[in-house]
Amino acid sequence: MSFNEIKGQEQAIQILKAYLNNEHLAGGYVFTGPEGVGKRMAAKALAKGLNCQDKNLNGCSVCSSCVRIENNQHPDVHTISSDEAQIKIDAVRQLQKEMSLRAYEGGYKVFIIDNAHTLTPEASNCLLKVLEEPPKNNLIILITDKPSLLFKTITSRCKIIKFLPFKRENLESILENDYKIDKDYAHFLAYFSEGRFGSALRFKDDEALSKRNNIIDKFILAANPSAELFASQSREDVRGALNFMSSWFRDIYMLKIGCSERDIINSDRRADLSKQALTFSFLELDKILNNISVSISYLEKNVNSRLLMYNLGMELWKG
Ligand SMILES: [Zn+2]
């Protein structure tokens, strides 16, 4: 992934390219914005631009340096992420140690700290010392969708680059024209991902449409309803199912209040949505949507997911 391939972040990319062109890089950057808008892709692209053997500021994507950065195998480009919901001080000390060494390949050392809001206070303090005087040709990129949880002392020492979601209709046409995705599917991906490009592509790779149809046909509209469908599903799949359901009942709500057809996420199933709009009252829809969001939070607490879905189903299947 090079700068040219990141869609919809022209402003952020322009700022980064200007820094690259003028060789005027700060020691620390914070990339903020919701999940799935291209922050990680941009961090890699920046690392490529700095280390490309072809001196291509966009990253040529074919030299051995660019290829290894793409595959997370470059010895001078490190990603630090949290395995246990927290980034601890040891990880930052390790970073500090790496920084004190020369770059293996003579280029830039880049440290990408993913989900930087999970740095513990001790780790943040340690990082602060590094950010105060980063050695030359070292760059730290903090990535977060929750910038308010970062220490102000850290953000004040970094340049903040904001990544924004797309307008959903723009993302829809990119998916349709550049990715040759069928119109209905492109609409679903763009609206279900709320305009987040990376998320839309992930949903596509994960075959979101067939998974969603499975939930609609075998659970929501099932003639003989049962929650058996979820017995063998992973927690992640059940969470996905709840998100599909949330979009479905939100659509029904939106149809009932007469919102524009374009704003319906599941518009390829318009006929089924309209039928259900006649079945549920506003009050019932409110309750269902509330139950879905409560169920998502229960799921975090290791509740039996089949039981959870069965209880939810009782609200939907009223014969
Ligand atoms: Zn290259």
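Worth saying up front: this structure is predicted, and the values here are computed from it rather than measured.

The next subject is the overall build of the protein chain. What the protein chain contains, in helices and strands, is 14 helices and five strands. Taking the principal axes of its C-alpha atoms as reference, the protein chain extends roughly 70 × 40 × 30 Å. Within the protein chain, the fraction of its 319 residues that count as buried is 35%. Relative to all contacts within the protein chain whose residues are 6 or more apart in sequence, the contacts with residues 24 or more apart total 73%.

As a further point, take unusual backbone geometry. With the exception of glycine, most residues fall at negative phi, and the peptide bonds are largely trans. Its identity as a non-glycine residue notwithstanding, Lys 180 has a phi of 50°, on the positive side. In this structure, Lys 180 sits in the loop between helix H7 (168–177) and helix H8 (183–192). A positive phi is found at Glu 207, a non-glycine position, where the angle reads about 50°. Note that Glu 207 resides in the loop between helix H9 (197–205) and helix H10 (208–220). C-beta crowding within 10 Å serves as the criterion here: with 11 such atoms nearby, Glu 207 is assigned to the exposed category.

This part covers the pairing of strand E1 (residues 28–32). Of all five residues making up E1, five are buried, and the element is well covered by its neighbours. Side-chain alternation along E1 places Gly 28, Val 30 and Thr 32 on one buried face and Tyr 29 and Phe 31 on a second face that is also buried. Pairing geometry for E1 and strand E5 (residues 159–162), over four bridges, is parallel. Looking across to E5, one finds that Tyr 29 is bridged to Lys 159.

Attention now moves to the packing of H8 against H9. Viewed as axis vectors pointing N to C, H8 and H9 meet at an angle of 130°, and their least axial separation amounts to 8 Å. Regarding the angle of H8 to H9, the classification is oblique. Of the two elements, H8 crosses H9, and the hand of that crossing is right-handed. For the pair formed by H8 and H9, the contact residues are Leu 189, Ala 190 and Phe 192 on the first element and Ala 200, Phe 203 and Lys 204 on the second.

Consider a sheet: its strands pair through backbone hydrogen bonds, and that pairing is either parallel or antiparallel. The strand order E2-E3-E4-E1-E5 describes an open sheet built from five strands, whose pairing is parallel. What marks the edges here is a single partner per strand, and that holds for strand E2 (77–80) and E5. Strand-to-strand twist across the sheet, computed as the mean angle between neighbouring axes with direction ignored, equals 20°. Looking at chain direction, strand E3 (residues 109–113) and strand E4 (residues 138–144) are connected through five bridges and run parallel. Each bridged residue has a counterpart across the sheet, and for Ile 112 the counterpart in E4 is Ile 141. Contacts from helix H4 (residues 89–100) reach E2, E3 and E4 within the one sheet, and its direction differs from that of E2 by about 170°.

So, about the domain arrangement of the protein chain. When cut into domains, the protein chain gives domain 1 (3–162) and domain 2 (207–316). For domain 1 versus domain 2, the separation of C-alpha centres amounts to 39 Å.

Helix length check: H4, at 12 residues, gives a terminal C-alpha distance of 17 Å against a target of 16 Å (1.5 Å per residue), a fit within 8%. For H4, the set of buried residues is Ala 91, Val 92 and Leu 95. Axial view of H4: buried residues confined to an arc of 95°, hence all on one face. Looking at H4, the residues exposed on the side facing more than 90 degrees away from the buried face are Asp 90, Lys 97 and Ser 100.

At a closest axis distance of 11 Å, the pairing of helix H1 (residues 10–21) and helix H2 (residues 39–51) adopts a crossing angle of 20°. With respect to their mutual orientation, H1 and H2 come out roughly parallel. Read as a crossing pair, H1 and H2 show a hand that is right-handed. Facing H1, whose interface residues are Ala 12, Ile 13, Leu 16 and Leu 20, H2 presents Ala 42, Leu 46 and Gly 49. In terms of residue class, the contact of H1 with H2 is made up of six nonpolar, one polar and no charged.

Before going further, it helps to examine the nonpolar core. Ranked by internal contacts, the top residues of the largest apolar core, which has 75 residues, are Phe 31, Ala 42, Ile 113, Ile 141 and Leu 189. Per-element tally for this core: the top contributor is helix H11 (residues 235–256), with eight residues. Shared between two domains, this core takes at least three residues from each, and those domains are domain 1 (3–162) and domain 2 (207–316). Apart from residues lying up to four places away in sequence, Ile 141 is in contact with Tyr 29, Phe 31, Ala 43, Leu 46, Val 110, Ile 112 and Ile 113.

Inspection of the secondary structure puts Leu 128 in helix H5 (residues 121–132). When the C-alpha positions of Leu 128 and Leu 189 are compared, they lie 40 Å apart, and in sequence the two are 61 residues distant. If we ignore the near neighbours within four places in the chain, the residues touching Leu 128 are Thr 153 and Ile 154.

Attention shifts here to the environment of Lys 275. On the secondary structure map, Lys 275 appears in helix H12 (residues 270–279). Exposure remark for Lys 275: the 12 C-beta atoms within 10 Å place this residue in the exposed category. Placed 23 residues apart in sequence, Lys 275 and Ile 252 show a C-alpha to C-alpha distance of 9.2 Å.

Quick notes on the rules
Residues numbered from 1 in each chain as written. Predicted model: local features only at pLDDT ≥ 70, side-chain atom pairs only at ≥ 80, totals over all residues. Helix = DSSP H or I, 4+ residues; strand = E, 2+ residues; numbered from the N terminus. Buried ≥ 20, exposed ≤ 12 C-beta atoms within 10 Å, placed from the backbone. Contact = placed C-beta atoms within 7 Å. Pairing = 2+ DSSP bridges. Axes fitted to C-alpha atoms, helices over the stretch in contact; angles between N-to-C directions. Parallel < 35°, antiparallel > 145°, perpendicular 65-115°, else oblique. Left-handed = near helix turned anticlockwise from the far one by under 90°. Domains from an automatic or database assignment. Expected span 1.5 Å × (residues − 1). Arc of directions from axis to C-beta. Nonpolar A, V, L, I, M, F, W, Y, C, P; charged D, E, K, R; others polar. Core = buried A, V, L, I, M, F, W, Y, C linked by C-beta atoms within 7 Å.

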